[in-house]
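Architecture and fold: a report
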Amino acid sequence: MDLLGLLDHAFMRHALLAGAFAGVCCSLAGVFAVLMRLTFIGVCLAHAAFAGGLLAMVFGLDPLVGALALSLGSAAVIGPMADRGDVSPDTAVGIVFSAMLGVAILCIGLLPGSRAEALGLFWGNILTVSARDVWLLGGTALAALAALGLFFKEIQAVACHREIAAAAGLPATAIFYGILCFTGVTVTACLPSVGGLLVYSLIINPAAAAYQLTYNLRRMFLLAAALGVASCEAGLLLAARFDLPAGASIVLVSSALFVVCATLSPKRRDRAVRT
Amino acid sequence: MTPAADSPAVALTDVRVVRQGRAVLDIPRLELARGEFLGVIGPNGSGKSTLLAVVAGRLRLAAGRVAVRGSGRGGRGRVALAAQMTALDPRLPISVLESVMVGAYAELGLLRRPGPEVRARARELLALVGVAHLENRPIGRCSGGEAQRAAIARALLRRPDVLLLDEPTSALDWRARREILECIGEIHARLGLTTLMVTHELNALPVLCGRVLALRDGRPAWLRPAREALDPQRLAATFDVPFTVLAHRDRPVVLF
């Protein structure tokens, strides 16, 4: 198959653009999740968005509106719940995750007729992504890059050590909640294309791979975004070339990139030298 | 406006902090003179770190007033807290210099980037605390003593009138403890700071501090000149365990 010829098809151009934008915003959200050791939060918010999308479908509303409401709502619950100290952050995420899973399964049971559209939110389909979804992803990616440029010093302080940032007088809690909300928006924007299930790997793998390669946060953001985009584009091209499911190809490429980065990691050598 | 020379640097009046319906700090009155070094001791959960958070303005008071006077706007004092050290991920992508510069970010405000002057001042302070050679090392790969020095430099970057130290020697080996305590003493004297240090390092109290405050259940148990603080009965009543205090080279030494 002529790979350049693929660009003649509008669906492929949309898919490649959506992949690039999803790669950028998911991997940026992933950097926060990896640094703040909240990697499970991606799964939780993805399921919240999925549940919200289904809930909106039950009431005949736009699934993206429901997805956004429930993912932001979950982010707003997890932060204060973990901060109050009544439960650990892991437990807070677990409680919200199980509740969202319950809502999703309930809604699937309540949906009349075919559940193909509902399951589409779970698996996503980057090859049938609409122009609106591409715009949404593009807007989210641009907003994320702008916020990162404008508030880099605050983000660096809070993402690397929230307690130190708070002791230094920064509004660490507000910044942390902002990061959670951004993750919620990213997951929602990725729902139609990447899907509620696969978005998690796109959040974690590129960021975790970048974490292996550098001690510099700016470089980590750049590497994570580059690896996220590379995962999506290479996954799509492999899917087109070998007639594979696109979502699975993207996930497997991002996993393979992580393994390569972890193997070549200079931090691994540093650890070996120390021990 | 410069504060009057005799006005206290820090004054707490009828301060009360309540958590989940329970008073975790209840200080009727506490004043620190400018340039004073106050040691704060007490069992775990006695309110020591809460006291620091109150002076730092990080906690909402249920009642009372905290006044900090100094060189800030309107004669208000600048307060900086060197928080208790926790284990850092050795892979964390932030250098010692960047980590110290975080101390200036709150004052810079949103949307302003740290310029060369912040970087230069951070380097000066790294030199002052003796870790200038580590500026490019990832903070997570520093030893406990080095990370503590960086934490002190970070606090000093806020140009504080009042320096708050929360257990600066916790989790350090004997040599690092001694070096950090010497470093704190030198900085306190050289910069003319008012310092509050929460510590379990009882033997350091007479060397560093002017007075010692003991807290129990969130309330002041006693407040004494440092040389009188190391009294076995007083310490035993504070910590509920027997203590022995010996004189060594004209200094009281606590045995436990």
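These numbers were taken from a predicted model, which means no experiment stands behind them. (Residues numbered from 1 in each chain as written. Chains lettered and ligands numbered in written order. Predicted model: local features only at pLDDT ≥ 70, side-chain atom pairs only at ≥ 80, totals over all residues.)

1. Thoughts on the overall build of chain A
The secondary structure content of chain A amounts to 13 helices and zero strands. Taken along the three principal axes of its C-alpha coordinates, chain A extends 55 × 45 × 35 Å. Among the 275 residues that make up chain A, the fraction classed as buried is 52%. Considering only residue pairs separated by 6 or more positions, chain A has 74% of its internal contacts joining residues 24 or more positions apart. (Helix = DSSP H or I, 4+ residues; strand = E, 2+ residues; numbered from the N terminus. Buried ≥ 20, exposed ≤ 12 C-beta atoms within 10 Å, placed from the backbone. Contact = placed C-beta atoms within 7 Å.)

2. Digging into the overall build of chain B
In terms of regular secondary structure, chain B is built from eight helices and 11 strands. The principal-axis extent of the C-alpha atoms belonging to chain B is close to 55 × 40 × 40 Å. Looking at chain B as a whole, 43% of its 256 residues qualify as buried. Considering only contacts in chain B between residues 6 or more positions apart, those separated by 24 or more positions represent 68%.

3. Thoughts on the sheet that holds strand S8 (residues 211-216) of chain B
Residues and elements named next belong to chain B. With mixed pairing, the six strands of this open sheet are ordered in space as S5-S6-S7-S3-S8-S9. Looking at which strands have only one partner, the edges of the open sheet turn out to be strand S5 (79-82) and strand S9 (219-225). Shown here is a sheet whose adjacent strand axes are inclined to one another by a mean of 20°, direction ignored. Here six bridges tie S8 to S9, and the two strands are oriented antiparallel to one another. The residue bridging Val 212 from the neighbouring strand is Arg 224, located in S9. Sitting on the sheet, helix H4 (residues 144-156) touches S5 and strand S6 (162-166), and the angle it makes with S5 is about 165°. (Pairing = 2+ DSSP bridges. Axes fitted to C-alpha atoms, helices over the stretch in contact; angles between N-to-C directions.)

4. Side note on the domain arrangement of chain B
Residues and elements named next belong to chain B. Partitioning chain B into structural domains gives domain 1 (1-78 + 160-175 + 192-256) and domain 2 (84-159). Contacts between the two partners involve nine residues from domain 1, matched on the other side by nine residues from domain 2. Tallied by class, the residues present in the side of domain 1 that touches domain 2 amount to five nonpolar, one polar and three charged. (Domains from an automatic or database assignment. Nonpolar A, V, L, I, M, F, W, Y, C, P; charged D, E, K, R; others polar.)

5. What to know about the pairing of strand S11 (residues 251-255) of chain B
All names here are of chain B. Bridge count between strand S10 (residues 244-248) and S11: five bridges; the pairing is antiparallel. Bridging across to S11, Ala 247 finds its partner in Pro 252. Where S10 hands over to S11, the hairpin turn is made up of two residues, of which Arg 249 adopts a positive phi near 50°.

6. Notes on the nonpolar core
Cys 25 of chain A together with Val 55 and Leu 164 of chain B are the most contacted members of the largest nonpolar core, which totals 176 residues. The element best represented in this core is helix H1 (residues 10-35) of chain A, accounting for 16 residues. Structurally, this core is a two-domain feature, drawing no fewer than three residues from each of domain 1 (1-78 + 160-175 + 192-256) and domain 2 (84-159) of chain B. (Core = buried A, V, L, I, M, F, W, Y, C linked by C-beta atoms within 7 Å.)

7. With respect to the interface of chain A and chain B
With 22 residues of chain A in contact, the opposing surface of chain B contributes 18 residues. Breaking the side of chain A that touches chain B down by element, the ones donating at least two residues are helix H7 (152-160), helix H8 (162-167) and helix H11 (217-242) of chain A. Looking at which element gives the most residues to the side of chain A that touches chain B, the answer is H7 of chain A, with five residues. Its residues assigned to classes, the side of chain A that touches chain B shows 13 nonpolar, five polar and four charged.

8. Side note on the packing of H1 of chain A against H11 of chain A
Residues and elements named next belong to chain A. With their axes 7 Å apart at the nearest point, H1 and H11 run at an angle of 145° to one another. Judged by the twist between their axes, the crossing of H1 over H11 is right-handed. Contact with H1, carried on its side by Ala 15, Leu 16, Gly 19, Ala 20, Ala 22, Gly 23, Val 24, Cys 26, Ser 27, Leu 28, Gly 30 and Val 31, involves Met 220, Phe 221, Ala 224, Ala 225, Leu 227, Gly 228, Val 229, Ser 231, Cys 232, Glu 233 and Leu 236 of H11 and no other residues of that element. Tallied by class, residues from the contact of H1 with H11 come to 16 nonpolar, six polar and one charged. (Left-handed = near helix turned anticlockwise from the far one by under 90°.)

9. Focus on the sheet that holds strand S2 (residues 22-32) of chain B
All names here are of chain B. What the three strands build is an open sheet, ordered S2-S1-S4; its pairing is antiparallel. A single partner strand is all that each edge strand has here, and the edge strands are S2 and strand S4 (63-68). In this sheet, neighbouring strand axes are inclined to one another by 20° on average, regardless of whether the strands run parallel or antiparallel.

10. Topic: the environment of Glu 179 of chain B
Considering the arrangement of structural elements, one finds Glu 179 of chain B in helix H5 (residues 174-191). Taking the C-alpha atoms as reference points, Glu 179 of chain B and Arg 119 of chain B, separated by 60 residues in sequence, lie 25 Å from one another.

11. A closer look at the environment of Cys 181 of chain A
For Cys 181 of chain A, the location among the structural elements is in helix H9 (residues 172-190). Along the sequence, Cys 181 of chain A and Ser 71 of chain A sit 110 residues apart, while their C-alpha atoms lie 8.0 Å from each other.

12. Considerations on unusual backbone geometry
Its identity is not glycine, yet Arg 37 of chain A carries a phi of approximately 55°, on the positive side. Considering the arrangement of structural elements, one finds Arg 37 of chain A in the loop between H1 and helix H2 (40-58). A positive phi angle, near 65°, is found at Asp 250 of chain B, a position not held by glycine. By the C-beta count within 10 Å, which is 6 here, Asp 250 of chain B ends up exposed.

13. As for the pairing of S2 of chain B
Residues and elements named next belong to chain B. Taken together, the nine bridges between strand S1 (residues 10-19) and S2 define a ladder with antiparallel strand orientation. Bridge assignment links Val 10 to a residue of S2, and that residue is Leu 32. Once S1 ends, the chain turns through two residues before running back antiparallel as S2, passing Gln 20 with a positive phi of about 50°.

14. A word on helix H2 (residues 96-108) of chain B
The first and last C-alpha atoms of H2 of chain B sit 19 Å apart over 13 residues, in line with the 18 Å expected at 1.5 Å per residue. Of all the bends in H2 of chain B, the greatest measures close to 35° and is centred on Val 102 of chain B. Val 96, Glu 98, Ser 99, Val 100, Met 101, Val 102, Gly 103, Ala 104 and Tyr 105 of chain B are the residues of H2 of chain B that are buried. Against H7 and H8 of chain A together with helix H3 (116-128) and H4 of chain B lie the buried residues of H2 of chain B. (Expected span 1.5 Å × (residues − 1). Bend = angle between axes of the 7 residues up to and from the residue.)

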